[in-house]
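Architecture and fold: a report
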Amino acid sequence: MRSQPHVLGIVLAGGEGKRLFPLTVDRAKPAVPFGGSYRLIDFVLSNLVNGGYERICVLTQYKSHSLDRHISQTWWSSGFHGEFITPVPAQQRLGPRWYTGSADAIYQSMNLIDDEEPDYIVVFGADHVYRMDPAQMVESHIATGAAVTVAGIRVPRSEAHALGCIDSDGAGKITEFVEKPADPPGTPDDPDVTFASMGNYVFTADALVDMLKTDAADGDSDHDMGGDIIPAFVARGEAYVYDFDDNVVPGQTDRDRGYWRDVGTLDSFYDAHMDLVSENPVFNLYNTRWPIRGETSHLPPAKFVRGGSANDSVVGAGTIVAGATVHGSVLSNNVYVDEGAVVQGSVLMPGVRIGKNAVVRNAILDKNVRIADGGQLGVDLEHDRERFVVSPGGIVTVGKNTVVG
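Bear in mind the structure is a predicted one, so any value in this text is a computation, not a measurement. (Residues numbered from 1 in each chain as written. Predicted model: local features only at pLDDT ≥ 70, side-chain atom pairs only at ≥ 80, totals over all residues. Heavy atoms only, no water.)

1. What to know about the overall build of the chain
What counts, and what does not: The helix and strand labels rest on DSSP assignments: H or I over at least four residues marks a helix, E over at least two residues marks a strand, and numbering proceeds from the N terminus. Using C-alpha atoms as the atom set, the radius of gyration is obtained and then compared with a globule rule of 2.2 Å times the number of residues to the power 0.38. Exposure classes here rest on a 1.4 Å probe applied to the protein chains alone. A residue is buried below 20% of its type maximum, exposed above 50%, and partly exposed in between. By the convention used here, residues are in contact when the closest approach between their heavy atoms is within 4.5 Å. All accessible areas in this document rest on Shrake-Rupley with a 1.4 Å probe, and a residue is counted as covered only by the protein chains that are shown. Under the convention used here, Asp and Glu are negative, Lys and Arg are positive, and both His and the chain ends fall outside the count. Here the site of a charge means atom NZ of a Lys, CZ of an Arg, CG of an Asp or CD of a Glu.
Secondary structure summary: the chain contains 9 helices and 30 strands in total. Scaling as 2.2 N^0.38, a compact globule of 405 residues should have a C-alpha radius of gyration of about 22 Å, and the chain matches this with 22 Å. The principal-axis extents of the C-alpha atoms in the chain amount to approximately 65 × 50 × 40 Å. Counting over 405 residues, the chain shows a buried share of 56%. Pairs at least 24 residues apart make up 59% of the contacts formed inside the chain by residues separated by at least 6 positions. Surface accessibility of the chain: about 17300 Å² in total, with carbon and sulfur atoms responsible for 47%. Within the chain, the 53 negative side-chain charges are centred at a point lying 9 Å from the centre of the 33 positive side-chain charges.

Here it is as structure tokens:
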């Protein structure tokens, strides 16, 4: 007999990530490398596993090969106690069609719920950078008796108009759930702050199954979790908000407590990397009590030769900085920076090679990019725009396998 409630984790990982182009040309957004040793999906999977939930289905769809391979190679489990972490592609069980929305993705995968027979279902997104103990949210959900609990993060009300916003009463019951309101609601205890949805939900299993069936029969629905399913529960008075500020993760610091970033654009992706590199980082990758689990490899340690140096930077295994200078940057595994090169404020993904005397500033270089000897990026943005994607914030992004002269 189980002493704990039986929880099934469902991770929605079918995102196309158009705003992260060219990083998503060949991969789904959750498979984009992040932080030197990870993929974006590693953050949600780490949170679930660290929280004790090891029965997890990852629903994939868009360009999923890289994501499927990463999950299979990095997140395998023995299954000795029935645990599993498995990618689940669109199965077309209800006919020859792809998912029409996030709710439809779960509805088309109803066999996963039928087979597992969980008491509760945790439905989390796959492309945010944060630490969270989901067990605390499940406990809160059980205590309220809600059909659904929505994780809410406090944001300044003046900035909430571009987000999904939650209006709630003093007991936490959600009274309204609105997308991108012109006049965002305040929280019960602070009129200058708004609860924004984090895209993380806990459902009582039977309630979710019934609602998915009702939604599937509605021809006017967009079959979206945030747009249709959650508002339907709100209308019934069965939805509650969970305040992310109440979540306490072992090993967190005062500086990185409550950290959560949606890295949906190149600028936000870049900014989240810059949060990693200071001596006292805004987001601390080195919390061993709540580790972020990433790709394993047999690469040797990083090496610095011929006077090469890296300051205020994260440097992955197998990387060599040979007589070059790196500052304020994130270098992934197996990067090589050659003599006389300068890398400043940049994100270099696995396999990148920087030639002699090259200069790379404020750039994101995808896997296996080659910068030729004397090449320059981020020095002349007008010239860079003729060749590459330059974000509104001036970040130059170069796609996989590109050679830059």
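2. Here's the deal with the sheet that holds strand β24 (residues 359-361)
What counts here: Two strands form a pair only when DSSP identifies at least two bridges running between them.
Ordered by their spatial adjacency, 5 strands build an open sheet running β15-β18-β21-β24-β27, and the pairing between neighbours is parallel. A strand with exactly one partner marks an edge of an open sheet, and here the two such strands are β15 (309-311) and β27 (376-377). Bridge analysis of strand β21 (residues 342-344) against β24 gives 3 bridges, and the strand direction is parallel. Bridge pairing links Gln 344 to Arg 361 in β24.

3. Quick word on the nonpolar core
Heads up, the rule is: Side-chain atoms within 4.5 Å are what join buried Ala, Val, Leu, Ile, Met, Phe, Trp, Tyr and Cys residues into a set we call a nonpolar core.
Residues Ile 10, Ile 106, Phe 203, Met 225, Ile 229 and Phe 233 are the most contacted members of the largest nonpolar core, which totals 38 residues. Among the elements that make up this core, the one with the highest residue count is helix α6 (residues 205-216) (6 residues). With sequence-adjacent residues up to four places away left out, Met 225 is seen in contact with Leu 12, Ser 102, Ala 103, Ile 106, Tyr 201, Phe 203, Leu 208, Ile 230 and Pro 231. If you look at the next biggest cluster of nonpolar residues, it comprises 37 residues, including Val 7, Val 122, Val 178 and Met 198.

4. Some remarks on unusual backbone geometry
The amide bond that connects Phe 21 to the next residue, Pro 22, takes the cis arrangement and shows omega of 10 degrees. Its place among the elements puts Pro 22 in the loop between β1 (7-12) and β2 (33-34). With a phi close to 50 degrees, Lys 180 is a non-glycine residue in the positive phi region. Along the chain, Lys 180 turns up in the loop between β10 (174-179) and β11 (193-204). The exposure class assigned to Lys 180 is exposed, which follows from its relative accessible area of 58%. Phi is positive for Asp 312, which is not a glycine, with a value near 50 degrees. Along the chain, the position of Asp 312 falls in the loop between β15 and β16 (314-315).

5. Here we look at the domain arrangement of the chain
Note the following rule: Either an automatic procedure or a domain database provided the assignment from which the domain bounds are taken. Buried area, as used here, totals the accessible surface that two parts lose on assembly, with accessibility defined by a 1.4 Å probe and the loss added over both.
When its domains are assigned, the chain resolves into domain 1 (7-269) and domain 2 (297-398). Each of domain 1 and domain 2 was reduced to a C-alpha centroid, and the two centroids are 33 Å apart. The partner domain 2 presents 18 residues to the 13 residues of domain 1 that form the contact. Both sides of the domain 1 and domain 2 interface together cover about 1100 Å² of buried area, and 63% of this is carbon and sulfur. Interface area lost by domain 1 to domain 2 is led by Gly 36, Leu 266 and Asp 267, which between them contribute 40%.

6. Structural notes on the packing of aromatic side chains
Put simply, the test is: Each pair of aromatic rings taken from Phe, Tyr and Trp, with Trp reduced to its six-membered ring, is defined by centres within 6.5 Å and is described as stacked if the planes are under 30 degrees apart, edge-to-face if over 60, and tilted in the remaining cases.
Scanning the entire structure with this criterion turns up 7 aromatic pairs. Relative to Phe 233, the ring of Phe 203 has its centre 6.1 Å away and its plane inclined at 50 degrees; by these criteria the two rings are tilted. Of this pair, Phe 203 sits in strand β11 while Phe 233 sits in helix α7 (residues 225-235), placing them 30 residues apart in sequence. Overall, the relative accessible area of 0% leaves Phe 203 in the buried class. Given a relative accessible area of 0%, Phe 233 falls into the buried group. Among the aromatic side chains, those forming a connected cluster through ring pairs are Phe 34, Tyr 38, Phe 43, Tyr 259, Phe 269 and Phe 283.

7. Quick look at helix α1 (residues 41-50)
Counting buried residues in α1 gives 10 out of 10 residues, a clear majority hidden from the surface. If you check which residues of α1 are buried, you get Ile 41, Asp 42, Phe 43, Val 44, Leu 45, Ser 46, Asn 47, Leu 48, Val 49 and Asn 50. Directly after α1, the chain includes Gly 52, whose backbone phi takes a positive value near 100 degrees.

8. Here we look at the packing of α6 against α7
Definition in use: Think of each axis as a best-fit line through the C-alpha atoms, taken over the contacting stretch in the case of a helix, with angles from 0 to 180 degrees between the N-to-C directions. Less than a right angle of anticlockwise turn of the near helix away from the far helix marks a crossing as left-handed, whereas a clockwise turn marks it as right-handed. Each residue receives one of three labels: charged for Asp, Glu, Lys and Arg, nonpolar for Ala, Val, Leu, Ile, Met, Phe, Trp, Tyr, Cys and Pro, and polar for the others, Gly being one of them.
The interhelical angle for the contact between α6 and α7, taken along N-to-C directions, is 115 degrees, at an axis separation of 11 Å. As for the relative orientation of α6 and α7, their crossing is right-handed in sense. Counted together, Ala 207, Leu 208, Met 211, Leu 212 and Asp 215 of α6 and Met 225, Asp 228, Ile 229, Ala 232 and Phe 233 of α7 form the full contact between these two elements. Its residues assigned to classes, the contact of α6 with α7 comprises 8 nonpolar, no polar and 2 charged.

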